Amino acid sequence: GPAVETGGLPALGTGGEGLLLLESGAYSALKLPGPLYNLLTRVAVDSRGVVWSSGASDATPRAAVGVNRWDGNNWQHFTEANSPLLMNMIASLNAGPDSRMYLGTWFGPTIIGSGGFNILDDHGTADSTDDEWETYTANETPLSMGVIRGDMAFDSTGGVWVGSQFNQQQPGGLERFDPQSKTFVSYSESLSERAVRTVEVDGLGNVWIGYQHSGLGVIPGGYSGGEAARQVSTFTGALGETGILDLAVDPANRLWIVTQAKTVVLNFQENARDE
């Protein structure tokens, strides 16, 4: 945790409170000014260096869990109680190239269909009066996925690729959101499965899809390429792996793949049509 300002001592967090490590070696309870709920799901740093974190809980009151903002001086908290945030269970927290925060939430077992897609523009300040929200509720908007329980990626044309897994009876999938027209384009019907755990866009515009069960997929050229999603058939055969936990692209446009058992680098020779 953060160093204590009065002496540089470390502060350690627990599930409900903080523990301050004193010079004597003893511990004492300390209410930290940081996240409202210390079970964090995601952390992101935006282009200004502001640190964001999110939490998720079906049991914790909605006023006590949500999104936390730390600008180096002050903490700010966004919950269902004090903001338009959809749902208190946040699985996706992504800092967009437009300096806005993109949030994906899913529903709790008792609140079917109350999650969705959130965009927060804090206009670079900790002043809540200038915050601007866009919210798209699952099942009530063109968002075809019942919940957002995956990852997001941003392409060079400003589009946001939103992936999601199944959650109970709510379908997952993959959609592209255009922030300018505020419209969604669904790719879900062309996928190998609707349980998309992560999505990544490389510098060549290819959209890589990490499935929960069936391995790796790709949309060559992405939105501007005009091609359908296809399965990377060599992935499961070469690696003996089926599920993907995370994807990342490096500056050389190599794809880093994390599974339960290993980390793999795929060099596709700058041609996503040739494995």
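Up top is the structure.
About the cut-offs
- Residues numbered from 1 in each chain as written.
- Predicted model: local features only at pLDDT ≥ 70, side-chain atom pairs only at ≥ 80, totals over all residues.
- Heavy atoms only, no water.
- Core = buried A, V, L, I, M, F, W, Y, C linked by side-chain atoms within 4.5 Å.
- Buried < 20%, exposed > 50% of the residue type's maximum accessible area, 1.4 Å probe, protein only.
- Helix = DSSP H or I, 4+ residues; strand = E, 2+ residues; numbered from the N terminus.
- Pairing = 2+ DSSP bridges.
- Axes fitted to C-alpha atoms, helices over the stretch in contact; angles between N-to-C directions.
- Polar contact = N/O pair within 3.5 Å; in protein donor to acceptor, adjacent residues only side chain to side chain.

Colleague: Give me the nonpolar core: which residues, what numbers.
Modeller: Counting 13 residues, the largest nonpolar core has Trp161, Leu174, Leu191, Val199, Val207, Ile209 and Ile219 as the members making the most contacts within it. If you list the elements that add at least two residues to this core, you get β16 (196-201) and β17 (207-211).

Colleague: Describe in detail the sheet that holds strand β12 (residues 152-154), supporting the description with residues and values.
Modeller: Within a sheet, adjacent strands bond to each other through the backbone by hydrogen bonds, running parallel or antiparallel. In space, the four strands of this open sheet follow the order β12-β13-β14-β15, with antiparallel pairing throughout. Bordering the open sheet on either side are β12 and β15 (183-186), each of which pairs with just one other strand. Geometrically, the sheet is characterised by an average inter-axis angle of 25° between neighbouring strands, direction not taken into account. Pairing analysis gives three bridges linking β12 to strand β13 (residues 160-164), with the strands arranged antiparallel. Bridged to Ala153 within β13 is Trp161.

Colleague: Any chance you could break down the environment of Pro251 for me, citing the residues and the numbers?
Modeller: Position of Pro251 relative to the elements: it lies in the loop between β20 (246-249) and β21 (255-258). Spatially, the C-alpha atom of Pro251 lies 7.6 Å from that of Gly203, the residues being 48 residues apart in sequence.

Colleague: If you had to explain unusual backbone geometry to someone new, which residues and values would you point to?
Modeller: One non-glycine residue with positive phi stands out, namely His123, at about 55°. When you line up the elements, His123 lands in the loop between β10 (116-121) and β11 (132-137). On the accessibility criterion, His123 (42% relative accessible area) is partly exposed. Despite not being glycine, Lys182 shows a phi value in the positive range, around 60°. Among the secondary structure elements, Lys182 is positioned in the loop between β14 (173-178) and β15.

Colleague: Can you break down the pairing of strand β22 (residues 263-266) residue by residue, with the values?
Modeller: The two faces of β22 differ: Val264 and Leu266 on one face are buried, but Thr263 and Val265 on the other face are not. Across four bridges, the pairing between β21 and β22 is antiparallel. Within β22, the position partnered with Leu255 by the bridge is Leu266. Hairpin connection, β21 to β22: the antiparallel pair is bridged by four residues.

Colleague: Provide a residue-level description of the side chain of Gln76, including the pertinent values.
Modeller: Counting through the fold element by element, Gln76 comes out in strand β7 (residues 75-78). When its relative accessible area of 11% is taken as the criterion, Gln76 is described as buried. From its side chain, Gln76 meets the backbone oxygen of Ala126 in a polar contact 3.2 Å long.

Colleague: An account of the sheet that holds strand β5 (residues 51-55) is needed here, citing residue identities and associated values.
Modeller: Strands sit in the order β4-β5-β6-β7 across an open sheet of four strands; the sheet is antiparallel. The open sheet terminates on both sides in strands that have one partner only, identified here as β4 (40-45) and β7. Across the sheet, the mean angle from the axis of one strand to that of its neighbour is 20°, orientation sign disregarded. Strand direction decides the pairing type here: β5 and strand β6 (residues 67-70), joined by four bridges, are antiparallel.

Geometry only, nothing functional implied.
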